[in-house]
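Survey of secondary and tertiary structure
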Amino acid sequence: MNEPVTLLLLQHLFPTWTITRDEQGGWRAFGRILVSSGDVDGLIALISVADPDAACRAVSLLTES
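Presented here is a report on the structure given in the accompanying data block.

What counts and what doesn't
- Going along each chain's sequence as written, the residues are numbered from 1 onward.
- In keeping with the model being predicted, local features are shown solely for residues with a pLDDT of at least 70 and side-chain atom pairs are shown and tallied solely at 80 or more, while totals for entire chains, interfaces and linings include all residues.
- Side-chain metrics in this entry use all non-hydrogen atoms of the structure; hydrogen atoms and water are not considered.
- Secondary structure elements follow DSSP: runs of H or I of four or more residues count as helices, runs of E of two or more count as strands, with numbering from the N terminus.
- A 3.5 Å cut-off defines polar contacts: any pair of N or O atoms within that distance qualifies, except that in protein one atom must be a possible hydrogen donor and the other a possible acceptor, and neighbouring residues in sequence count only when both atoms are side-chain atoms.
- Here, a salt bridge means any side-chain nitrogen of Lys or Arg that lies within 4 Å of a carboxyl oxygen of Asp or Glu.
- A simple rule labels every residue: compare its accessible area, found with a 1.4 Å probe on the protein chains alone, to the largest value its type can have, and call it buried under 20%, exposed over 50%, or partly exposed in between.
- To estimate how far a helix should reach, multiply one less than its number of residues by 1.5 Å.
- To be clear, the arc concerns the directions from the helix axis to the C-beta atoms.
- The criterion used for residue contact is that any of the two residues' heavy atoms lie within 4.5 Å.

With that out of the way, let us pick up the environment of Asp-22. As for its position among the elements, Asp-22 is in the loop between strand E1 (18-21) and strand E2 (27-30). Expressed as a C-alpha distance, the spacing of Asp-22 and Ile-33, which sit 11 residues apart in the sequence, is 16 Å. A polar side-chain atom of Asp-22 sits 3.0 Å from the main-chain amide nitrogen of Gln-24. Here Gly-25 takes part through its backbone nitrogen, which lies 3.0 Å from a polar atom of the side chain of Asp-22.

Laid out in structure tokens, this is it:
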């Protein structure tokens, strides 16, 4: 996985969230609440639960033709 590209993509998909890596290599997102996960998939799942509208927007962006 290319970390800088992943961060850019996540920031594009979830612009209302601040997404970073922590000192231990985990993923963190600050939005309405703070969520963190050991991997990107877990982080996206947590953001989707915390902010379903953001998840719908991200899916819409990914499925545009």
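Tallied over the full model, the rule gives three salt bridges. Glu-3 serves as the salt-bridge partner of Arg-21, at 3.0 Å between the closest nitrogen and oxygen. Residue Arg-21 is located in strand E1, and its partner Glu-3 is located in helix H1 (residues 3-13); the two are separated by 18 residues in the primary sequence. According to the relative accessible area criterion, Arg-21 is partly exposed, its value standing at 27%. Taking the relative accessible area as the measure of exposure, Glu-3 reaches 34% and is therefore partly exposed.

Moving on to helix H3 (residues 52-63). Taking 1.5 Å per residue as the helical rise, H3 with its 12 residues ought to reach 16 Å, and the 17 Å between its terminal C-alpha atoms agrees with that figure. When H3 is considered as a whole, its buried residues turn out to be Ala-54, Ala-55 and Ala-58. Each buried residue of H3 lies within a common arc of 100° when the element is viewed along its axis, so the set occupies one face. Turned more than 90 degrees away from the buried face of H3 sit Asp-53, Cys-56 and Thr-63, all of them exposed. Among the structural elements, H1 and helix H2 (40-50) are those in contact with the buried residues of H3.

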